[in-house]
Each structure stands twice: as structure tokens, then as C-alpha cells.
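# Understanding the architecture of this molecule
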Amino acid sequence: MFHYYKLFWLNMFKLNGRARRKEFWYPVLMNIIVSIVGSLINNVLALPNWFAISVATIFNIASTIAMFTVTVRRNHDIGMTMKFATVLYGLTIVFSILEFGPVYKGVSSIPIPEFVSMIIGVIVGIVFLVLCIISIALCATSGQKEPNQYGKNPKYA
């Protein structure tokens, strides 16, 4: 498991090639564990707020980049391009940016009725949820056994 987590960080900027299911799912599990342990450490040690937020932000940005690239390689393993992963992670970044207050303050000055913005938000949220479910299904799918345009099957290489 640690081998695949090490590969996850070593291949952080690698968009070409293919990735096995283990190369995708073990880092997902390890990132969840690291986040839980980091949260527990923050609660037990009572670290300064600025430090905890800085470390969490750096880890989240780095792991998002690495998850994007491993998702692209995972999609290559099943014969897909990187377009789906780009749309999914693009929406993830947009939603992450929209979490900050200053963006909402600028958007709230636009004269749109509140129910219209709520409906748009619900529709975009549902689309994002469906894309996440599709992505989970794709990443759980077995890769192509034969070589494809992205390289040899990493399971047999």
C-alpha cells in the first residue's frame, strides 16, 4: 500500500501512461487516513489556527493535483481520454473557489432572484454528483488487458 502511495506522489505531474486500480484506490485510502490523523493531531495539540489551515491547504492542493493526474492515467487504462477528468476536476476547483466569501459578495450584487440562483445551484450540484458517481464507477472498472494508445497494461508490464 505504501508503495502505491509513494508512486502517487512521485508521479504527481505525470499525465501520460496508464495506472492500475491499486495506483488509484490506495492513495485515496491513504489521503483519507492522513486527513483524519491530521485532524486528530490538530485537535489534540491545539495548533495555531493559521498553521493548521496552511498545512491543510498545501496538502489539499498537492493531493488534488496528484489525484487529477492519477485519475487521468486511470482513465487511460480503460481507454478514455483525459477530458472527463478535466471537466470533473475543473468543477471541483470552481466549487472550492466559490467556498470563499469574497466571491459570493461579488456575485450577490447581480440582480438574480434568490430562487433562480438556488435552482441553478441545485442543478449544477446534481450534475457534479452524477459526474462523481460516474468517475467512481470508471475508476473501479478493470483496465484493458491489451496495450492501447496510452501504453502497455501496467499490470503485466
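Structure's up top.
Described below are features of the structure shown in this document. (Residues numbered from 1 in each chain as written. Predicted model: local features only at pLDDT ≥ 70, side-chain atom pairs only at ≥ 80, totals over all residues. Heavy atoms only, no water.)

### Some thoughts on the packing of helix H2 (residues 21-45) against helix H6 (residues 114-140)
Between H2 and H6, the shortest axis-to-axis distance is 9 Å and the interhelical angle comes to 130°. The pairing of H2 with H6 is recorded here as oblique in orientation. Contacts between H2 and H6 pair Arg21, Phe24 and Trp25 from the former with Ile136, Cys139 and Ala140 from the latter. (Axes fitted to C-alpha atoms, helices over the stretch in contact; angles between N-to-C directions. Helix = DSSP H or I, 4+ residues; strand = E, 2+ residues; numbered from the N terminus. Parallel < 35°, antiparallel > 145°, perpendicular 65-115°, else oblique. Contact = heavy atoms within 4.5 Å.)

### So, the nonpolar core
One finds Phe8, Phe24, Met67, Phe68 and Val70 to be the most contacted residues of the largest nonpolar core, which totals 15 residues. Those elements that provide at least two residues to this core are helix H1 (2-10), H2, helix H3 (49-77) and helix H4 (83-98). The dominant element in this core, judged by the number of residues it contributes, is H3, at six residues. Beyond its immediate stretch of four places on either side in the chain, phenylalanine 24 contacts Met67, Val70, Thr71, Arg74 and Cys139. (Core = buried A, V, L, I, M, F, W, Y, C linked by side-chain atoms within 4.5 Å. Buried < 20%, exposed > 50% of the residue type's maximum accessible area, 1.4 Å probe, protein only.)

### Digging into a nonpolar patch on the surface
On the surface, a cluster of nonpolar side chains totalling about 610 Å² of accessible area is made up of Met1, Leu29, Ile33, Val37, Ile41, Val44 and Leu45. Mapping methionine 1 onto the fold places it in the segment before H1. Judged by relative accessible area, which is 37%, methionine 1 ranks as partly exposed. (Patch = residues over 30% accessible without salt bridge, like charges linked within 9 Å, V, L, I, M, F, W, Y side chains within 5 Å. Areas by Shrake-Rupley, 256 points an atom, 1.4 Å probe, with all protein chains shown as cover. Salt bridge = Lys/Arg side-chain N within 4 Å of Asp/Glu carboxyl O.)

### Here we look at H6
In this model, H6 (27 residues) spans 39 Å end to end at C-alpha, consistent with the 39 Å of a helix rising 1.5 Å per residue. For H6, the full list of buried residues reads Phe128, Leu131, Ser135, Leu138 and Cys139. Buried residues along H6 sit in contact with H2, H3 and H4. (Expected span 1.5 Å × (residues − 1).)

### A look at the packing of aromatic side chains
In total, this model carries eight aromatic pairs according to the counting rule given. Ring centres 5.9 Å apart and planes at 80° place the aromatic pair tryptophan 50 and phenylalanine 51 in the edge-to-face group. Taking the relative accessible area as the measure of exposure, tryptophan 50 reaches 62% and is therefore exposed. Judged by its relative accessible area of 35%, phenylalanine 51 is partly exposed. (Phe/Tyr/Trp six-rings, centres within 6.5 Å; stacked < 30°, edge-to-face > 60°.)

These figures capture arrangement, not role.
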